[in-house]
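Architecture at a glance
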Amino acid sequence: MTTDPEIEYHLQELAAALDPASPAHALPEFCPTDRAILDIGCGIGQSLIVSGNDPGCLRVGIDVDRKSLDYGHRHYPQISHVVASAEALPFADGAFDLVMSRVALPYTDLRLSLPEIARVLAVKGRTWLSLHSFGMTWRHLKRSAGKGAWKDVLFRFYVIANGVGLHWFGTQLRFPSKHHCESFQTTARMRRSLDRLGLVDVVVKRDRHFICTARKRGSTRGVEGRSNQAPTEER
């Protein structure tokens, strides 16, 4: 076992992914017809590890954390680990049958990341997104206030304001001292955003987890191309 707290977190997530009874277990349905899968914010690749062992399926995980990607690359070579951001995916149009993101999407600028997801999805491809609700953000704020963590309280107010702006106006702002956007999401905004991108069969489930799924509609102008070319920035 590693003593690095960030790697330990990802290993705990892997344990949850392998245990359907875990309260933290949340994964999409992996299909035998999935020939290329992308995980946005993959960590060490924990979600892709449980997606199967078919050597004919391309499994790609992206993250901005090189340390986690390097660990995943050393221990799980069946997965292609790529340094990239959700706002600028370095893949061809229509490259993936399934694009998933477990919790990472709330830390992105959805005005950029959602169109990128739609772009790299193959015709009839699926997306599975785990999101943050207002209630989760509010609970985090109250915990920080109870601990007297006033810097984080200030940041949580920013997250709430960003979520409100996203819901009503589709806008997001970056926090001055952070390198990412963070917001909470709403069912209505996700439905509107995905609909505008041409995604259909949008389903939102809000119980233990806030999950949004959708599918890319079929093209009337022929099937879009899909590239199984190996990533060029693999770690």
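Since we're looking at a predicted model, the values are computed, not measured.

1. Considerations on the pattern of salt bridges
Counting across every chain of the model gives 11 salt bridges. Between aspartate 109 and arginine 111 there is a salt bridge, with its nearest N and O atoms 2.8 Å apart. Assessed through its relative accessible area of 6%, aspartate 109 is described here as buried. Among the residues examined, arginine 111 registers a relative accessible area of 40% and is labelled partly exposed. Arginine 119 is paired through a salt bridge with glutamate 116; the nearest N and O atoms lie 2.8 Å apart.

2. Details of the packing of helix H1 (residues 5-18) against helix H3 (residues 66-75)
Where H1 meets H3, the closest approach of the two axes is 10 Å, and the angle between their N-to-C directions is 55°. Classed by the angle they form, the pair H1 and H3 counts as oblique. The element H1 and its partner H3 pack so that their crossing is right-handed. Only Lys67, Ser68 and Tyr71 of H3 make contact with H1, whose side of the interface consists of Glu6, Ile7, His10 and Leu11. Of the residues that constitute the contact of H1 with H3, the class distribution is three nonpolar, two polar and two charged.

3. A few points about the nonpolar core
Leu38, Ile62, Phe91 and Phe96 are the most contacted members of the largest nonpolar core, which has 32 residues in total. Among the elements of the structure, strand E1 (36-40), strand E2 (58-63), strand E4 (96-102), helix H4 (110-120), strand E5 (121-131), helix H7 (187-196), strand E6 (199-206) and strand E7 (210-216) are those that each provide at least two residues to this core. Looking at this core element by element, the count peaks at five residues for H4. Ranked by size, the runner-up nonpolar core spans 16 residues in total, among them Leu11, Ile37, Ile44 and Ile49.

4. Overview of the packing of aromatic side chains
For any pair of aromatic rings, the description rests on two quantities: the centre-to-centre distance and the angle between the ring planes. Applying the stated criterion across every chain yields a total of six aromatic pairs. Relative to phenylalanine 175, the ring of tyrosine 158 lies with its centre 5.0 Å away and its plane at 55°, an arrangement referred to as tilted. Taken together, the positions of tyrosine 158 in helix H6 (residues 150-169) and phenylalanine 175 in the loop between H6 and H7 put the pair 17 residues apart, joining distant regions of the chain. Among the aromatic residues, ring-to-ring pairing joins Phe134, Trp138 and Phe184 into one connected group. In this structure, arginine 206 is placed above the aromatic ring of phenylalanine 210, and the distance from its NZ or CZ to the ring centre is 4.2 Å.

5. Digging into a positive patch on the surface
Together, Arg139, Lys142, Arg143 and Lys147 line one region of the surface with positive charge. Within the secondary structure layout, arginine 139 lies in helix H5 (residues 134-147).

6. So, the packing of H5 against H6
Put simply, H5 and H6 touch, their axes get as near as 8 Å, and they point 160° apart. It follows from the interaxial angle that H5 and H6 lie roughly antiparallel. For H5 against H6, the interelement crossing comes out left-handed. Across from Phe134, Thr137, Trp138, His140, Leu141, Ser144 and Ala145 in H5, the residues of H6 making contact are Trp150, Asp152, Val153, Arg156, Phe157, Val159 and Ile160. Among the residues forming the contact of H5 with H6, the class breakdown is nine nonpolar, three polar and two charged.

So, how was this worked out
- Residues numbered from 1 in each chain as written.
- Predicted model: local features only at pLDDT ≥ 70, side-chain atom pairs only at ≥ 80, totals over all residues.
- Heavy atoms only, no water.
- Salt bridge = Lys/Arg side-chain N within 4 Å of Asp/Glu carboxyl O.
- Buried < 20%, exposed > 50% of the residue type's maximum accessible area, 1.4 Å probe, protein only.
- Axes fitted to C-alpha atoms, helices over the stretch in contact; angles between N-to-C directions.
- Helix = DSSP H or I, 4+ residues; strand = E, 2+ residues; numbered from the N terminus.
- Parallel < 35°, antiparallel > 145°, perpendicular 65-115°, else oblique.
- Left-handed = near helix turned anticlockwise from the far one by under 90°.
- Contact = heavy atoms within 4.5 Å.
- Nonpolar A, V, L, I, M, F, W, Y, C, P; charged D, E, K, R; others polar.
- Core = buried A, V, L, I, M, F, W, Y, C linked by side-chain atoms within 4.5 Å.
- Phe/Tyr/Trp six-rings, centres within 6.5 Å; stacked < 30°, edge-to-face > 60°.
- Lys NZ or Arg CZ within 6 Å of the ring centre and 35° of its normal.
- Patch = residues over 30% accessible without salt bridge, like charges linked within 9 Å, V, L, I, M, F, W, Y side chains within 5 Å.
- Areas by Shrake-Rupley, 256 points an atom, 1.4 Å probe, with all protein chains shown as cover.
- Lys, Arg positive; Asp, Glu negative; His and termini not counted.
- Charge placed at Lys NZ, Arg CZ, Asp CG, Glu CD.

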